[in-house]
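Inside the fold
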Amino acid sequence: MRVGDTHYRSIWFDEDAREVRIIDQRWLPHEFRVVALRARDDFTTAIRDMWVRGAPLIGATAAWGMAMDMRADASDANLERAARELLATRPTAVNLRWAIERMVNLLRPLPPARRWTAAKAEAQVICDEDVAINEAIGENGLQLIEAVAANKPAGEPVNILTHCNAGWLATVDWGTATAPIYKAHEKGIPVHVWVDETRPRNQGAHLTAWEMAAHGIPHHLVVDNAGGHLMQRGEVDMVIVGTDRTTACGDVANKIGTYLKALAAHDNDVPFYVALPSPTIDWTLCDGRDIPIEERGEDEVREVWGRMKDGAITRVTICPDETPAANPAFDVTPAKYVTGLITERGVCAASGEGLRELFPERAE
Ligand code: MRU
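Residues numbered from 1 in each chain as written. Predicted model: local features only at pLDDT ≥ 70, side-chain atom pairs only at ≥ 80, totals over all residues. Heavy atoms only, no water.

1. A short note on the sheet that holds strand S4 (residues 19–23)
This is how the line gets drawn: Whether two strands pair comes down to DSSP finding at least two bridges between them. Helix and strand labels come from DSSP, where a helix needs a run of H or I of at least four residues and a strand needs a run of E of at least two; each type is numbered from the N terminus. Think of each axis as a best-fit line through the C-alpha atoms, taken over the contacting stretch in the case of a helix, with angles from 0 to 180 degrees between the N-to-C directions.
Strand order across the open sheet formed by three strands is S3-S4-S5, with antiparallel pairing between neighbours. Pairing within the sheet leaves two strands with one partner each, and these edge strands are strand S3 (11–14) and strand S5 (34–37). Across the sheet, the axes of successive neighbouring strands diverge by a mean angle of 30 degrees, strand direction being ignored. Of the pairings in the sheet, the one linking S3 to S4 comprises four bridges and is antiparallel in character. When the sheet's bridge partners are listed, Phe13 is paired in S4 with Val20.

2. Structural notes on empty space enclosed by the protein
Just so we agree on the cut-off: Grid spacing is 1 Å over the protein atoms alone, the probe is 1.4 Å, and a cavity is where that probe fits but cannot get out, while a pocket is an open set with protein on both sides within 12 Å along at least five of seven lines and lining residues have an atom within 4 Å of a point. Grid points are joined across faces, edges and corners, and a volume is the space filled by probe spheres set on the points. Only Asp, Glu, Lys and Arg are considered charged in this grouping, and only Ala, Val, Leu, Ile, Met, Phe, Trp, Tyr, Cys and Pro are considered nonpolar; every other residue, Gly among them, is considered polar. Segment limits for the domains were obtained from an automatic or database-derived domain assignment.
Counted according to the given criterion, the structure contains four cavities of 30 Å³ or more. Space inside the largest cavity adds up to approximately 190 Å³. What lines the largest cavity is a set of 21 residues, among which Arg53, Gly54, Ala55, Asn165 and Asp244 lie closest to the centre. For the lining of the largest cavity, the secondary structure elements donating two or more residues are helix H2 (55–72) and strand S11 (252–255). A class-by-class count of the residues in the lining of the largest cavity yields nine nonpolar, eight polar and four charged. A domain-level breakdown of the lining of the largest cavity finds at least three residues from each of domain 1 (2–129) and domain 2 (135–362). Taken as a whole, the second largest cavity spans an internal volume of roughly 110 Å³. Contributing to the lining of the second largest cavity are Gln25, Arg26, Met50, Arg53, Arg201, Asn202, Gln203, His206, Leu207 and Trp305. Broken down by element, the lining of the second largest cavity gets its largest block of residues, three residues, from helix H7 (residues 203–214). Each of domain 1 (2–129) and domain 2 (135–362) contributes no fewer than three residues to the lining of the second largest cavity.

3. Digging into the site of the ligand
Where we set the bar: Near residues are defined by distance, with any heavy atom within 4 Å of the molecule or strand qualifying the residue. In protein, a polar contact means a hydrogen-donor-capable atom and an acceptor-capable atom, both N or O and within 3.5 Å, with residues adjacent in sequence counting only if both atoms are side-chain atoms; elsewhere, any N or O pair within 3.5 Å suffices. Using a 1.4 Å probe, accessible areas were evaluated by the Shrake-Rupley method; residue-level cover was limited to the displayed protein chains.
Close contacts around the ligand come from 19 residues, with Ala55, Arg90, Gln203, Asn254 and Lys255 the closest. With respect to the ligand, the backbone of Ala55 contributes an N or O atom lying 2.9 Å from an oxygen atom. Take Gln203: an N or O atom from its side chain is 2.8 Å from an oxygen atom of the ligand. Notes on the ligand: free accessible area 420 Å², of which the protein chains cover 100%.

4. Digging into the pairing of S11
Pairing of strand S10 (residues 245–247) with S11 involves two bridges; the strand directions are antiparallel. Of the residues in S11, the one forming a bridge with Thr246 is Val252. Of the pairings in the sheet, the one linking S11 to strand S16 (residues 330–333) comprises four bridges and is antiparallel in character. Across the sheet, the residue bridging to Ala253 is Val332, located in S16.

5. Description of the environment of Ala275
Within the fold, Ala275 resides in strand S12 (residues 272–275). Residues Ala275 and Asp49, 226 residues apart in the sequence, show an inter-C-alpha distance of 25 Å.

6. Topic: the state of the cysteines
Filter applied, for reference: Cysteine sulfur atoms are paired as a disulfide whenever they fall within 2.5 Å. Each residue's exposure class comes from its accessible area (1.4 Å probe, protein chains only) as a fraction of the maximum for that residue type: buried when under 20%, exposed when over 50%, partly exposed otherwise.
Under the definition given, this model contains one disulfide. The disulfide bridge from Cys249 ends at Cys286, spanning 1.8 Å between sulfur atoms. Because the sign of the S-S torsion sets the handedness, a value of about -110 degrees for the bond joining Cys249 and Cys286 places this disulfide among the left-handed ones. Of this pair, Cys249 sits in the loop between S10 and S11 while Cys286 sits in the loop between strand S13 (281–282) and helix H10 (299–302), and the two are 37 residues apart along the sequence. The partly exposed category is assigned to Cys249, whose relative accessible area is 25%. Look at Cys286 and you get partly exposed, because its relative accessible area is 42%. The cysteine Cys164 is free of any disulfide, with Cys127 supplying the nearest cysteine sulfur at 20 Å.

7. A short note on the pattern of salt bridges
Test applied: For salt bridges, the criterion is a side-chain nitrogen of Lys or Arg within 4 Å of an Asp or Glu carboxyl oxygen.
Summed over the entire model, instances satisfying the criterion amount to 31 salt bridges. We note a salt bridge from Arg201 to Glu300, for which the minimum N-O separation is 2.6 Å. A residue pair is termed long-range when its members are at least 10 positions apart, and Arg201 in the loop between strand S7 (191–196) and H7 and Glu300 in helix H10 qualify at 99 residues. On the accessibility criterion, Arg201 (23% relative accessible area) is partly exposed. A salt bridge links Arg302 to Asp299, with the nearest nitrogen and oxygen atoms 3.5 Å apart. Pair noted here: Arg302 and Asp299 are both in helix H10, with a separation of three residues, about one helical turn. Take Arg302: its relative accessible area is 11%, and that puts it in the buried class. Taken together, the shared-partner salt bridges in this structure form one network comprising Arg90, Arg201, Glu294, Arg296 and Glu300.

Functional significance is not addressed by these values, which are geometric in nature.
Encoded structure:
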């Protein structure tokens, strides 16, 4: 998507420098910084410390991490070690496991001398596929937005609430929850986005708001607690969020706070959609309570960071020094609160039957 007049993906391989480049998302919206990743430790740090984040981008970054590590040492022992270390970076987004397994299954049977070239090609395919998948999600979700728009007075915007950042920064391009929004905007359908700030790390305020502004999409930032009120007032036509792991029965793990939005949407008859690429489906799980939920450090809750009036980017503490904090990073929304899953193959019910209709090859 666009940054100024330039089209960017969130991750790419620079052929001349022979290194992977990412947008270091820790500095947005205040600074746009591109950094290089070369060694395996660069990749594990970038995922764990959230220089990159968002389920599809975590998977793509891990794929590139595997590839670059094969260039350094393509031995069997290093292949297993790279897979193990990358897998340990973040537990909830299943795209990480999916991408690593895909790379390992391709590379294991190959002789070491062929592994780097094959891995590089596969990482590139994973990225290109992600872009195509998300664009298809955009087309499928667009139809839902069009249906809502058709029932509103001409010219009135469709009000969409989203949580966290499931935008192009969370994927290789397009985003998942944002892809239908970008498609609608491109088509001239008026949309307005309520952007949840998404404490503790404020991905909504830092990233989604930045994306919306960059593409000229009308939006307002709201505190996480405002969603229920806006829904009661009829100011939300639909909710679209992303997911880090969707079970084969349609339960959905996403950024902490998503569940409360789903409850409020249910109580107010607001459709609640989850947009996801198929690598985000964990076909091995049915009950969302079995999804591992990442616990992150206390300081993310105890502090906020932002830009001072003098331009300095800094962190400030918002609680007494001795206050302990808990930081579950995701929650699970049971399928019964999800109106539909927007995938690259179409929109389906959040249920085992719904998913298997779209992905019949997964039917047992
Ligand atoms: O902790 P994060 O920023 O990686 O969490 C991201 C989310 O929760 C997104 O909604 C999810 O990964 C879907 S991204 C298309």
